[in-house]
Structure formats: C-alpha cells, structure tokens
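Read off the chains here:
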Amino acid sequence: MNERHVDLEILRYDPETDEEPAFQTYRVPCQEDWVVLDAVNYVKDVLDRTLSYRWSCHMAVCGSCGMMINGEPMLSCKAFVRDMPDRIRIEPLANFPIERDLVVVTDDFMDKLASVKPYLIPREEKAIEDGAHVQTPAQLKKFKQYTLCINCTLCYAACPQYAHDQNFTGPAALALAHRYNLDSQDVGRGAREDVVASNAGIWECSFVGACSDVCPHEVDPAGAIQQTKIASTVDYFMGLLTPERDR
Amino acid sequence: MARSNKPIVWSLFAAGGTVAAFITPVMILVTGLAVAVGLLPAEALAYDRMLALVQNPLGKGLVFLAVFLPAWHAAHRLRITAHDFGIRADVAVMAVCYGLAALASVIAAFALFRV
C-alpha cells in the first residue's frame, strides 16, 4: 500500500496547564484509504497518548467526530486524507468552548435542542393494544429528510449567525422542530412556536445556507428554517385576524 | 419567549422576492429591451397605451405591486446583507432601508393615484 506522510497541525489545549490553545504538529504515515480520523487515531495510538477527541462509530452515524479540518467543519470519519493537502490543520469545532484539545462543550446546543421539544406530541396517548399509528408513505416523505440529523453540530460550527449571537436557536434544533411539526402524528407546533417563532429562533437566520453546505446527511436545515418562516408568517397574520384563536 | 414581529417585513420580503424573480425580469424585457431589439413594434409602448394601462384600476394595482413589493424585498435584503458584512447598527440600517422602501411605495402610490 502507498504510504504518504502528512503533517497534522492539531490544536491542543489543556485547561489545567495551558494559558491558551496552541498548535502541535505530528508527522503521520497515512494509507491511501485513510480518513482524517484514522490519522488522528494514529497520533493517539502511536505518537501522543495525551491527545483528547471524541469519536465512536467511524461511519458517519454517531456524529461525535466533528472537527474543523483546514477551517471547515467536517466529520473526520468522512474526510479522506487523499483529498487533502500535505498539511492538515485540525481544530475543535468553531463556535463552541473548548473542553480539552479537540473536545468541545456542546451544552448550549443540547439546551437549545431540548427547548424546541424534539419529540412527538400526539393528539392523544394510544395504548399499545390499540395498534400502531398509521402513516402513509406520502405523510412520511414530508419530514423524512429532517429525521436524518445526527446532532453532529457541524451546522452550528458553520453558522455565522450563531457565531455572532449565541442566543440563536440554531440550524439543527430548528430543523428538528420542523421535522416534528411536519409529522402527521404530531400536534405540538403551537407548543414549539414560542421558541421557534421568537426573534432568537427562525427570525435570527439570514439564510446564508452554510449549515446545509456542511451537513453530512443533507438534512438541509436552511431549507427547513425557510419553510418554518413561511408557516410562522401565516400563523402571525392568522393570529392578527383571529385574535381569540388559541395560538 | 415572545413571538417575533418580523413576519411583517419578511412577508413583504418573500412576496417581493417572488415578484422580483418572476415578474421583474419580464418587465425589464418588455419595457427595456423588446422594442430596442425589434421583438415588439414601437407603438406597443406608446404613451397613450401606457397611460391607458395605469389609468385602469386593475392596471394601477398591478403596476403598484410590481414596484412596491420588489422595493421592500430589496430593503430587507440590503438590511440582512449589511448584517452579514458585520454592520451591527441594525436600527440605523433598518431606518435607511425600510425608509427608502416606504418612500418608494409612497411615490409609486402617489404617481399612480394622480394619473
């Protein structure tokens, strides 16, 4: 197999000893079929056991190995080294505080995610013996794409709005709210609107579209947010016309 | 959290965007290029015919929509573009952008009302 030597410049930070993050360079012999995560694993296994980063599945399903690779948020398990230059700069995901090395604190995203109630809110509880909830393929197709989110937070690292104002609910959480709003079994749209249709919700988005560019599963959060804007605009004017209606 | 009032400007932005994408190019073609390149005879846009168009109530309304909606679209787009360029004086930007759009709307309405 062809080996190629690649210099990984990895941003290191240990909050207990370091004043501020600094780059450390490792020379890694890479195989033709390696992804960046393989190279980072080589550093950890062979060169420097103190390196900290998150990863689990190595197949773009778990969403934990997101990193800034040459300045772009990517899943390191999906980024092939053969497509990269001989120097690869690896940093923790932008717009999140660093916990240590490449590990970031995602608490803010987790709070935002919970705030949009990303779960089914059914009209009424149905006992198991009453059988399954029935949904047609057409009803499923309306929201299927938005179910593919793996919470990797690449979209938050890419979003200039989130970088500017961390109150912004952000792409993934809003796309998941949209996913449940579109679900024929769900009646929770009104309950989600207080967060979704606030100034810090969909209206903070200026449709740059970076979230959709970096999404590893082509969820298209930017599209979800624009669709939500249309629905919320209709709500807004309906609410003005029929103020007594329960919003 | 309180629900946003942005749907007011955003609905004008969205409607204006639709007009700007589908109608404005046709208007440019018809009023700006078609006669010049010989697609239409010159008398198609003769003064009398244009006057008759904007004197007709339906014609007035359509011309007003074709002018005022893209103006609000442009205003909101410029506000967001300013934001994306890092200009954070949103109230001042809003005043200038929406003020110009409002002015354009008033001038269009006044002009159409007078003919």
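None of these values were measured; they are calculated from a predicted model.

Draft legend 1. The arrangement of the interface of chain A and chain B in detail. Taken together, the contact between chain A and chain B spans 16 residues of the former and 11 residues of the latter. Only α7 (189-196) and α9 (221-241) of chain A provide two or more residues apiece to the side of chain A that touches chain B. Top element by residues in the side of chain A that touches chain B is α9(A). It accounts for 5 residues. Considering only residue class, the side of chain A that touches chain B consists of 8 nonpolar, 5 polar and 3 charged.

Draft legend 2. Up close: the domain arrangement of chain A. All names here are of chain A. Each assigned domain of chain A is listed with its residue range as follows: domain 1 (3-104) and domain 2 (107-241). Measuring from the centre of the C-alpha atoms in domain 1 to the corresponding centre in domain 2 gives 30 Å. Counting residues at the interface gives 14 residues for domain 1 and 12 residues for domain 2. Broken down by secondary-structure element, the contributors of at least two residues to the side of domain 1 that touches domain 2 are β3 (66-69) and β4 (72-75). Counting residues per element, the side of domain 1 that touches domain 2 draws most heavily on β4, which supplies 4 residues. Among the residues making up the side of domain 1 that touches domain 2, the classes are represented as 9 nonpolar, 3 polar and 2 charged.

Draft legend 3. Seen up close, unusual backbone geometry. All names here are of chain A. Positive phi, close to 60°, is recorded for histidine 58, a residue that is not glycine. For histidine 58, a count of 16 C-beta atoms within 10 Å translates into the label partly exposed. Non-glycine residue alanine 60 carries a positive phi angle of around 55°. Positionally, alanine 60 belongs in the loop between α1 (36-47) and β3.

Cut-offs applied
- Per-chain numbering applies: the sequence of each chain, read as written, is numbered from 1 onward.
- Labels are handed out in written order, letters beginning with A for the chains and numbers beginning with 1 for the ligands.
- Where local features are concerned, this predicted model is filtered to residues with pLDDT of at least 70; where side-chain atom pairs are given and counted, the filter is 80 or more; whole-chain, interface and lining totals use all residues.
- The contact rule is simple: place each C-beta atom from the backbone, and if two of them lie within 7 Å, those residues are in contact.
- What counts as a helix is a DSSP run of H or I of at least four residues, what counts as a strand is a run of E of at least two, and both are numbered from the N terminus.
- Residue polarity follows a fixed list, in which Ala, Val, Leu, Ile, Met, Phe, Trp, Tyr, Cys and Pro are nonpolar, Asp, Glu, Lys and Arg are charged, and the others, Gly among them, are polar.
- The split into domains, and so the bounds of each, comes from an automatic or database assignment of domains.
- Each residue is classed by its C-beta neighbour count within 10 Å, where at least 20 other C-beta atoms makes it buried, 12 or fewer makes it exposed, and intermediate counts make it partly exposed; the C-beta atoms are placed from backbone geometry.

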